[in-house]
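The chain contents come next:
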There are 2 protein chains.
Amino acid sequence: MPSASASRKSQEKPREIMDAAEDYAKERYGVSSMIQSQEKPDRVLVRVSDLTVHKADEVVWVRARIHTSRAKGKQCFLVLRQQQFNVQALVAVGDHASKQMVKFAANINKESIVDVEGVVRKVNQKIGSCTQQDVELHIQKIYVISLAEPRLPLQLDDAVRPEVEGEEEGRATVNQDTRLDNRVIDLRTSTSQAVFRLQSGICHLFRETLINKGFVEIQTPKIISAASEGGANVFTVSYFKNNAYLAQSPQLYKQMCICADFEKVFCIGPVFRAEDSNTHRHLTEFVGLDIEMAFNYHYHEVVEEIADTLVQIFKGLQKRFQTEIQTVNKQFPCEPFKFLEPTLRLEYCEALAMLREAGIEMGDEEDLSTPNEKLLGRLVKEKYDTDFYILDKYPLAVRPFYTMPDPRNPRQSNSYDMFMRGEEILSGAQRIHDPQLLTERALHHGIDLEKIKAYIEFLPLWSPSSCWRRHWAGTSDDAVFGIAQCSSDLNVPP
Amino acid sequence: MPSASASRKSQEKPREIMDAAEDYAKERYGVSSMIQSQEKPDRVLVRVSDLTVHKADEVVWVRARIHTSRAKGKQCFLVLRQQQFNVQALVAVGDHASKQMVKFAANINKESIVDVEGVVRKVNQKIGSCTQQDVELHIQKIYVISLAEPRLPLQLDDAVRPEVEGEEEGRATVNQDTRLDNRVIDLRTSTSQAVFRLQSGICHLFRETLINKGFVEIQTPKIISAASEGGANVFTVSYFKNNAYLAQSPQLYKQMCICADFEKVFCIGPVFRAEDSNTHRHLTEFVGLDIEMAFNYHYHEVVEEIADTLVQIFKGLQKRFQTEIQTVNKQFPCEPFKFLEPTLRLEYCEALAMLREAGIEMGDEEDLSTPNEKLLGRLVKEKYDTDFYILDKYPLAVRPFYTMPDPRNPRQSNSYDMFMRGEEILSGAQRIHDPQLLTERALHHGIDLEKIKAYIEFLPLWSPSSCWRRHWAGTSDDAVFGIAQCSSDLNVPP
């Protein structure tokens, strides 16, 4: 069992305590000197999550934050927190602790980091307020490793309270400005910890699934010499004596990789859009998850590959991240996410019929408005019991000029969006790879051919038979879990 | 077995061939119409890499590029290529092919994509020039899916020739400008295909190892409101009516995550440096692999974790990417990469002694020049037989002000670099987390306290006991394999 290192001397104690000469426990508490990699002690620090009945009656060392403390006569109850786990601890006047030591422990500011030595004791009644419900820690030594400020700008318990409790029961919640101004504290909440783990998990599952399918991950440049998707909404960078631009999409590089025979590539990285709008769907910077894939005969080969990738992510999250999903649900209650296998694929005309039946007036070649997308999401959920579906065969008129027309119906196109809970999370299409058809379509859209010359010339030289495009404009976690949280979450807007 | 689809009609043929009325094979070749997702044929396309003796005498369909073609009397030999694999194919006048068909096949431009139906035949003598050495394909049908230009700006065989053969034997090689101007073709070489797969593999192994160690992957913002590492070498972005900056490092965000109790985080993403230098170690944009980790007592806890991560990457590459390593070695011959377990850790003073013994004059607190780093790499290789080592305890004078001094020796610091083949690939240190010491060190370096006020204030409020920093300035593949190739390889400088 680890023992207190003799060199870990207390540095400073409140004067009143130092004055009391008869403190028999004075070596058992204090503020540690700065950790400067002076020594490599053998002491083993036990994780809070490992404090269970299996460790009953063992003496352990734990490093954790003081989540709450409550003095009560000759004893003090602490809740010690480590990431999303916490345990109740107790310092009581007795053989190991003097009354000065109990007072010292009670006065440590919340959020301070402490090293404690204690005995793990099984409790008779479950401790409902802690994740470690079956044990508590009887503290024998306590040293402050990092002292927090006495007044914190927000309380963690307030920051995880569901909005509804704040509104209906008048209990304290924390507003967004306070959270963003004190991001480091807000990120310590169990909800934030879970959201970040889910984000990491989504990227991991996306990559894992695609690598198993034979995709190659690529990194694409972000500083580029010309605006990638037309000139609008592009950020300009001063590049020595010239100007450069921030990539609005990895599109062109993905296509180059397909022309270079990689067949299947993907990338995860920042995307920049100079959109001066204040909605959760218009961000100046977000993390895009992008795929590009050559197909042999039909773009549905690609649609199926993507839908399966998303299904693998949904399943992986439900299987490996159940704790995190439940943690988020405590603060943001929502129904479990439903999906079908294989994924539901609706054609645009079918969706129109459903909307018209629900009383919406829409033209055959009209795009979906945001409210109609949301309504459609509800109609699909009622009819098919799924929160995820593919909407295929968009009207040609509402898609960009480079979208391949549907050979069966020239007013439709080989393009699709995918929806989660009524929000578009992904847009894709077969791209025109034939220079003649591309020129025709560009002229039809009134596009200056001179401006897309390089792009058109690039096609006949080396293009593969067919290449396909999709761009996932955002990440899925907000849609999956209904949290107004995006993946470039640490963003600090200027 | 797949059969020719009736609707895949030939669209156009050279006039001379069309005129010849007696072509009995005219349905067996031609140029396919544009693939527009018209149909979903049942035809199975076999991968070139799967054409082995196990498929002998089977009739298969293959989609591949024409790598080379050579007509010889009544027959034509083709080499069909798919990514890094190729196979010999033959069209000969006979039951399935007319002389017009052979001529048609012989005239298809190199790099065109074709669909061929053929019988797999075992060969008696290995075909040394192809990856599929034991079989050839006897073509019965051939259709052009995508026709390449007749003249290509570079030949793939020239592009994979080792420099030494170009210099000593006067054979054609391809210069860098031609490669970059025609990147899509250059990327089709077996070497480029392997380099990109290795890059993807390195990121995958890095992530896999760290996730197994309990790290969380984070995404950090790239557009930031203030220069992240001092004002020098930062790119300015026009941000609506203001200016913003491109992040020179994810450093601050990583530290925030540690203060937010994530304990171990990593990120892979673009890093921007406005360095107007033309060396392979000064790039305006590169992909950084970053770790941040809290430790308990000694920064060597972190050093060991990183060294092990690198060793796992080396082993993973040797185990899973042997084909790719050998492919790159054909063009860029080099010795196998050597490393020790556990990794060699030298202290700076030991390295100085080795350099002095080799005749170099250096002061105790002098930094290593690039030539001395390279020399040290050779000396370490000779003495310890390793291409990878840690150099620990750099002089305090040559490290940034926020580096923790060594408590045993105030002229040294708790900082280190890691080297591969004599090049620094990684730099790390324990950061000072004590505001008083940080202020002292900043004043010693003549830094304006006002400018780092926010940073200093950020520490006492919520900092953990100790946090650690490293930044991997570049990826390791160039160092591992000696290729002058960096990970933001697709970068198109303005």
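Along each chain, numbering runs from 1 in the same order as the chain's sequence is written. Chain A is the first chain written and ligand 1 is the first ligand written, with later ones labelled in order. Local features in this predicted model are restricted to residues of pLDDT 70 or higher, and side-chain atom pairs are both shown and tallied only at a pLDDT of 80 or more, whereas totals for entire chains, interfaces and linings draw on every residue. Hydrogens and waters are ignored; side-chain quantities use all the structure's heavy atoms.

- As recorded in an unreviewed UniProt entry, chain A goes by the name Aspartate--tRNA ligase, cytoplasmic, listed as coming from Ailuropoda melanoleuca.
- UniProt positions are given in the numbering used here, feature names are shortened, and annotations may be inferred rather than shown by experiment. You can read under Function (unreviewed entry) in the UniProt record for chain A the words "Catalyzes the specific attachment of an amino acid to its cognate tRNA in a 2 step reaction: the amino acid (AA) is first activated by ATP to form AA-AMP and then transferred to the acceptor end of the tRNA."
- Quoted straight from UniProt, the Catalytic activity (unreviewed entry) entry for chain A says "tRNA(Asp) + L-aspartate + ATP = L-aspartyl-tRNA(Asp) + AMP + diphosphate".

1. Here we look at the overall build of chain A
Next, step 1: Strands here are runs of E lasting at least two residues and helices are runs of H or I lasting at least four, both read from the DSSP assignment and numbered beginning at the N terminus. Helix and strand counts for chain A come out as 15 helices and 19 strands.
Next, step 2: Split into buried and exposed, the 494 residues of chain A put 56% on the buried side.
Next, step 3: Contacts are assigned to residue pairs that have any heavy atoms within 4.5 Å of one another. A fraction of 67% describes how many contacts in chain A between residues 6 or more apart in sequence connect residues 24 or more apart. For every residue, the accessible area obtained with a 1.4 Å probe (protein chains only) is divided by the maximum for its type, and the residue is called buried under 20%, exposed over 50%, and partly exposed between those limits.

2. A look at the packing of aromatic side chains
Residues and elements named next belong to chain A.
Next, step 1: Stacked, tilted and edge-to-face are the three classes assigned to paired rings of Phe, Tyr and Trp, where Trp is represented by its six-membered ring and a pair needs centres within 6.5 Å; plane angles under 30 degrees give stacked, over 60 edge-to-face, the rest tilted. All told, the structure shown has 30 aromatic pairs over all chains when counted by the stated rule.
Next, step 2: Geometrically, the ring pair formed by tyrosine 239 and phenylalanine 240 is edge-to-face, given 4.9 Å between the ring centres and 75° between the ring planes.
Next, step 3: Taking relative accessible area as the criterion, tyrosine 239 reaches 11% and is therefore assigned buried.
Next, step 4: A relative accessible area of 34% means that phenylalanine 240 is categorised as partly exposed.
Next, step 5: Counting every residue linked through ring pairs, the aromatic cluster contains Phe314, Phe337, Phe339 and Phe388.
Next, step 6: The ring of tyrosine 394 carries the charged tip of arginine 399 above its face, separated from the ring centre by 4.3 Å. Two conditions define a charge located above a ring, namely a distance within 6 Å from the ring centre to NZ of Lys or CZ of Arg, and an angle within 35 degrees of the ring normal.

3. A look at the interface of chain A and chain B
Next, step 1: Taken together, the contact pairs 104 residues of chain A with 104 residues of chain B.
Next, step 2: Salt bridges are defined as contacts in which a side-chain nitrogen from Lys or Arg sits within 4 Å of a carboxyl oxygen from Asp or Glu. For the pair chain A and chain B, the interface holds 8 salt bridges.
Next, step 3: For arginine 81 of chain A, the salt bridge goes to aspartate 261 of chain B, with nearest N and O atoms at 3.3 Å.
Next, step 4: Any pair of N or O atoms that falls within 3.5 Å is considered a polar contact. Within protein, one atom must be able to donate a hydrogen and the other to accept it, and sequence-neighbouring residues count only if both atoms are side-chain atoms. One can count 44 residue pairs in polar contact (both at pLDDT 80 or more) joining chain A with chain B.
Next, step 5: If one sorts the elements of the side of chain A that touches chain B by residue count, helix H7 (residues 190-212) of chain A sits on top with 9 residues.
Next, step 6: Ten residues, namely Ala, Val, Leu, Ile, Met, Phe, Trp, Tyr, Cys and Pro, are considered nonpolar, four, namely Asp, Glu, Lys and Arg, are considered charged, and the remaining ones, Gly among them, are considered polar. Taken together, the residues that form the side of chain A that touches chain B break down as 53 nonpolar, 28 polar and 23 charged.

4. Focus on the packing of helix H7 (residues 190-212) of chain B against helix H10 (residues 322-331) of chain B
Residue and element names in this part refer to chain B.
Next, step 1: Interaxial angles span 0 to 180 degrees and are taken between N-to-C directions of axes, which are lines fitted to C-alpha atoms, for helices over the stretch in contact. With their axes 9 Å apart at the nearest point, H7 and H10 run at an angle of 135° to one another. Comparing their axes, H10 and H7 come out oblique. Every pair of crossing elements has a handedness; the one defined by H7 and H10 is left-handed. Contacts between H7 and H10 pair Ser190, Thr191, Ala194, Val195, Arg197 and Leu198 from the former with Glu324, Ile325, Thr327, Val328 and Gln331 from the latter.
Next, step 2: Class assignment for the residues of the contact of H7 with H10 results in 5 nonpolar, 4 polar and 2 charged. Every angle not falling under 35 degrees, over 145, or within 65 to 115 is termed oblique; those three ranges are roughly parallel, roughly antiparallel and roughly perpendicular. It is the rotation of the near helix from the far one that decides the hand of a crossing: anticlockwise by less than a right angle makes it left-handed, clockwise makes it right-handed.

5. Points about the pairing of strand S16 (residues 409-413) of chain B
Two faces, one strand: in a regular strand the side chains alternate between the faces of the sheet.
Next, step 1: Here, any two strands with at least 2 DSSP bridges between them count as paired. Note that strand S15 (residues 405-406) of chain B and S16 of chain B share 2 bridges and pair antiparallel. Bridge pairing links proline 405 of chain B to serine 413 of chain B in S16 of chain B.

6. Quick notes on the relation of the copies chain A and chain B
Next, step 1: Superposing the copies works by least squares over the C-alpha atoms of residues that have pLDDT at least 70 in both of them. Mapping chain A onto chain B leaves a residual RMSD of 0.0 Å; the transformation is a rotation of 180° accompanied by 0.0 Å of translation along its axis. Taken together, the turn and the small shift mark the pair as related by a two-fold rotation axis. Looking at the rotation axis and the C-alpha trace of chain A, the residue lying nearest is valine 237 of chain A, at 2.2 Å.
Next, step 2: A share of 100% of interface residues in chain A that are also interface residues in chain B marks the association as one of identical surfaces.

7. A closer look at the domain arrangement of chain A
Next, step 1: When the domains of chain A are assigned, the result is domain 1 (29-33 + 40-146) and domain 2 (193-462 + 470-483).
Next, step 2: Here the C-alpha centroids of domain 1 of chain A and domain 2 of chain A sit 49 Å apart. The domain limits used here are those given by an automatic or database domain assignment.

8. Concerning the packing of H7 of chain A against helix H9 (residues 300-320) of chain A
Describing two packed helices takes the angle between their axes plus the distance from one axis to the other.
Residues and elements named next belong to chain A.
Next, step 1: H9 packs onto H7 with a crossing angle of 130° between their chain directions and a minimal axis gap of 9 Å. For the element pair H7 / H9, the angle class is oblique. As for the relative orientation of H7 and H9, their crossing is right-handed in sense. Where H7 abuts H9, its residues Leu198, Ile202, His204, Leu205, Phe206, Glu208, Thr209 and Leu210 lie against Thr309, Gln312, Ile313, Gly316, Leu317 and Arg320.
Next, step 2: Across the contact of H7 with H9, the residue classes tally to 7 nonpolar, 5 polar and 2 charged.

9. Re helix H13 (residues 435-444) of chain B
Residue and element names in this part refer to chain B.
Next, step 1: Among the residues of H13, Leu437, Leu438, Arg441 and Ala442 are the ones counted as buried. When H13 is viewed along its axis, its buried side chains cluster within an angular range of 135° and face the same direction. Across from the buried face of H13, at angles greater than 90 degrees, the exposed residues are Gln436 and Leu443. The arc refers to the directions leading from the helix axis to the C-beta atoms.

10. Digging into helix H10 (residues 322-331) of chain A
All names here are of chain A.
Next, step 1: Among all positions of H10, only Glu324, Ile325, Thr327, Val328 and Gln331 are buried. Angular distribution of buried residues about the axis of H10 spans 160°; they occupy a single face of the element. In H10, the exposed residues that point more than 90 degrees away from the buried face are Thr323 and Lys330.

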